[in-house]
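Inside the fold
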Amino acid sequence: MHTGNHWGGSFEIQTDSVTDDDRSRTMDLDRAAVSQQLDETQQSWLLGPQDEGKKKKKYIDLGCVVCSRKAFKWTVWSIVVAFFVVALPIIIVKSIPKHKDPPPPPDKYTLALHKALLFFNAQKLNDISNIYRARTLSLAGRLPKNNGIGWRGDSGLQDGADVVKGGLVGGYYDAGDNIKFNFPMAFSMTLLSWSVIEYPHKYKSSGEYDHVRDLIKWGTDYLLLTFNSSATTIDNIHSQVGTARNASTSPDDHYCWTRPEDMDYPRPVVTSPSGPDLAGEMAAALASASIVFRDVPAYSKRLVNGAAALFRFARDGGKRTVYSKGNLEIAQFYNSTGYYDEYMWGAAWMYYATGNASYLALATNPGVPRNAKAFLEVTDLKVFSWDNKLPGAELLLTRLRVFLNPGYPYEEMLRGYHNMTGINMCSYLHRFNVFNWTEDYMDATNVPGWFCGSTFFSADILRSFASSQLDYILGDNPKKMSYVVGYGKNYPKHVHHRGASIPRNADKSTRTCKGGWKWRDTSAPNPNTITGAMVGGPDRLDGFSDVRTNYNYTEPTLAGNAGLVAALVSLTGSGGGGIDRNTIFSAVPPLYPGTPPPPPPWRP
């Protein structure tokens, strides 16, 4: 048997009996078969291309691809044509400078903000702490070249030299005199810091962010010099540099009318061995500034440590006497009427700066608002000022309830503060004993307005009221006078201010204590424009006397300008609306336990 081949033929293998000769002969092609005409398929198999006259295609080996030369040329030319037809026009169009519409001009509040901040430059004293400032972030040495106030120079270089090693150089003059008062200066720094925490985007958009931070640091640097800021416990605070007596007949900061650069009379330092009001406000200033400078950790920590020492001093049971009591050098200017409002105010800022719940517990302790008379209907206590922090503290703590809602055990007191904030706000409206007011947090929480009794006031109405108060200050008043120097065309020209009222000698010589009296008493306008200074303003009948010696009308102050800056930045359109909701809470730990992690997967 043999294996059959179902495709035709046999699978039999020839045996060795077949010789190589025979195999060779059987494999030779049949000559007749070769001579026959082959079809096209056979020709392609056996003979290759038969048409010798047809031109062979040329190919290009590109490495990973082989293509015909003709196709390659077409591809290259297509790319070249596409470049000139499509890409080149696009490149040309892109390279031609486009006409851009100029940005809208700054609104009136932004323009006024630029000027209001310059007032603080005019109030600066010299600061010689070169090494310290070089290591942090601010200006070094004497008054910086970019201070922007050409008629100001170095002054107060010997302040406190006989009291503190290195002296008490720096800080700000308070008003039109040449005295440094810690109490209103600290309050001013707290207000500036609060405004930066709430509206950093507006400051950045207006180009004033770095400027306002430098102004804050100039003040907090000085405050750190006035007590032992490296200690955890302190015994006193140097609360004032320079003194004056009303109707004085000896050289002091009232009797003399002298440029700060020309002072040659004694400038005593007033030291306070007690003062919960002063220490509470200074703690608020340093704590709020520590939030502003959280991007500079070393400085922020130094501010927090100093604030903690101050607040510990404020809470010392043996030092609970207002700092001005029995001290005529202080009481005739910045007499304090209490300190429980500073406990609320300072404790709130300490809580925001540190996240330590003990501060919040103090701020919401029923005894503190009771002693501060926080829930009494006393009209004067609704006015936020350097002496009365109640409205500010209530609003600051209302912010906590609105955004974080900490609940028990703080809710009852926070609800009371929230309610008082609403009552304060309503009382400022024209129909309820009007006071100046800046915006609440309604926009941020989508609250459409507020009920004052049975009357509902929309957020737009409340904002319009706030704007109307600033508009009045900026010139929309019966006198058609701007009470901010340098804003508009009609503003006070006889500001009660020593440096602004006396021209600087061309030969840089100094003038004596009495030498400036002729400039104080002249009816001529000030030779130096103290740009941005908000003067005392009109009386209740819209009357205003632009007379230098009439300081009730024409004298500016640090605290007044700080409040003006805060109001202006809140209403300016620069940077858009809204507030920064989160920065103020950056040190506050979570108020509730976090969500526990999911359990591990079950395993048999």
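If you're wondering where the values come from, they're calculated on a predicted model, not measured in any experiment. (Residues numbered from 1 in each chain as written. Predicted model: local features only at pLDDT ≥ 70, side-chain atom pairs only at ≥ 80, totals over all residues. Heavy atoms only, no water.)

1. Examining the environment of Leu113
Locating Leu113 in the fold gives a position in helix H5 (residues 108-122). Here Leu113 falls in the buried class, since its relative accessible area comes to 0%. Residues Leu113 and Glu208, spaced 95 residues apart in sequence, show a C-alpha to C-alpha distance of 8.7 Å. Every residue in contact with Leu113, bar those within four places of it in the chain, is listed here: Tyr203, Ser206, Val565, Leu568 and Val569. (Helix = DSSP H or I, 4+ residues; strand = E, 2+ residues; numbered from the N terminus. Buried < 20%, exposed > 50% of the residue type's maximum accessible area, 1.4 Å probe, protein only. Contact = heavy atoms within 4.5 Å.)

2. Notes on the packing of helix H7 (residues 182-198) against helix H22 (residues 558-571)
For the pair H7 and H22, the least separation of the axes is 8 Å and the interaxial angle reads 10 degrees. Here H7 lies roughly parallel to H22, going by the angle between them. Between H7, through Met185, Phe187, Ser188, Leu191, Leu192 and Ser195, and H22, the contact on the second element is made entirely by Leu558, Ala559, Ala562, Gly563, Val565, Ala566 and Val569. Split into classes, the residues belonging to the contact of H7 with H22 amount to 10 nonpolar, 3 polar and no charged. (Axes fitted to C-alpha atoms, helices over the stretch in contact; angles between N-to-C directions. Parallel < 35°, antiparallel > 145°, perpendicular 65-115°, else oblique. Nonpolar A, V, L, I, M, F, W, Y, C, P; charged D, E, K, R; others polar.)

3. Side note on the UniProt feature "active site" (unreviewed entry) in the protein
In the numbering adopted here, UniProt assigns the feature "active site" (unreviewed entry) to His496, Asp546 and Glu555. These residues run over 60 residues, yet every pair of their C-alpha atoms falls within 10.1 Å of each other. Here His496 is to be found in the loop between helix H18 (459-473) and helix H19 (498-501). We classify His496 as buried; its relative accessible area is 10%. If sequence neighbours within four positions are ignored, His496 has contacts with Gly176, Trp257, Arg548, Thr549, Tyr551, Thr554, Glu555 and Pro556. Within the fold, Asp546 resides in the loop between helix H20 (517-521) and helix H21 (551-554). (UniProt positions renumbered as here; feature names shortened; annotations may be inferred.)

4. What about the packing of aromatic side chains?
Under the definition given, this model contains 27 aromatic pairs. Arranged with centres 6.0 Å apart and planes meeting at 85 degrees, the rings of Phe120 and Tyr172 form a pair that is edge-to-face. Residue Phe120 is found in helix H5, and its partner Tyr172 is found in the loop between helix H6 (130-135) and strand E3 (180-181); the two are separated by 52 residues along the sequence. In this pair, the class of Phe120 matches that of Tyr172, namely buried. Note on Tyr351 and Tyr352: the rings are 6.0 Å apart at their centroids and 45 degrees apart in plane angle, and the pair reads as tilted. According to the relative accessible area criterion, Tyr351 is buried, its value standing at 3%. Overall, the relative accessible area of 0% leaves Tyr352 in the buried class. (Phe/Tyr/Trp six-rings, centres within 6.5 Å; stacked < 30°, edge-to-face > 60°.)

5. Concerning the environment of Tyr334
Mapped onto the fold, Tyr334 is located in helix H12 (residues 328-334). We classify Tyr334 as buried; its relative accessible area is 9%. Setting aside anything within four residues of it in sequence, one finds Tyr334 in contact with Asp174, Phe181, Phe183, Pro184, Tyr323, Ser324 and Trp386. At 2.5 Å, the side chain of Tyr334 forms a polar contact with the side chain of Asp174. (Polar contact = N/O pair within 3.5 Å; in protein donor to acceptor, adjacent residues only side chain to side chain.)

6. With respect to the nonpolar core
In terms of nonpolar packing, the biggest core is built from 129 residues, with Phe120, Tyr203, Ile237, Trp349, Tyr352, Ile530 and Leu568 touching the most fellow members. Ranked by residue count, the leading element in this core is helix H10 (residues 276-292), at 11 residues. If we ignore the near neighbours within four places in the chain, the residues touching Phe120 are Tyr172, Met189, Leu192, Leu215, Leu558, Asn561, Ala562 and Val565. Cys426, Phe457, Leu462 and Phe465 belong to the second largest nonpolar core, which has 8 residues in total. (Core = buried A, V, L, I, M, F, W, Y, C linked by side-chain atoms within 4.5 Å.)

7. Some words on the sheet that holds strand E5 (residues 269-272)
Spatially, the 3 strands line up as an open sheet ordered E3-E4-E5, and their pairing is antiparallel. Either end of the sheet is taken by a strand with one partner, and the two such strands are E3 and E5. Pairing of E3 with strand E4 (residues 237-241) involves 2 bridges; the strand directions are antiparallel. Within the sheet, the bridge partner assigned to Lys180 lies in E4 and is Val241. (Pairing = 2+ DSSP bridges.)

8. Focus on helix H13 (residues 340-354)
Helix length check: H13 (15 residues) gives 21 Å between terminal C-alpha atoms against 21 Å at 1.5 Å per residue, within 8%. Counting buried positions over the 15 residues of H13 gives 13, a clear majority of the element. Residue Gly355 follows H13 closely and has a positive phi angle near 75 degrees. (Expected span 1.5 Å × (residues − 1).)

9. Some details on unusual backbone geometry
Omega for the peptide link from Tyr408 to Pro409 comes to 5 degrees, which places this bond in the cis form. If you check the backbone angles, Lys373 has positive phi at about 60 degrees while not being a glycine. Counting through the fold element by element, Lys373 comes out in the loop between helix H15 (367-372) and helix H16 (390-403). Not every positive phi belongs to a glycine, and Lys480 is a case in point at roughly 55 degrees.

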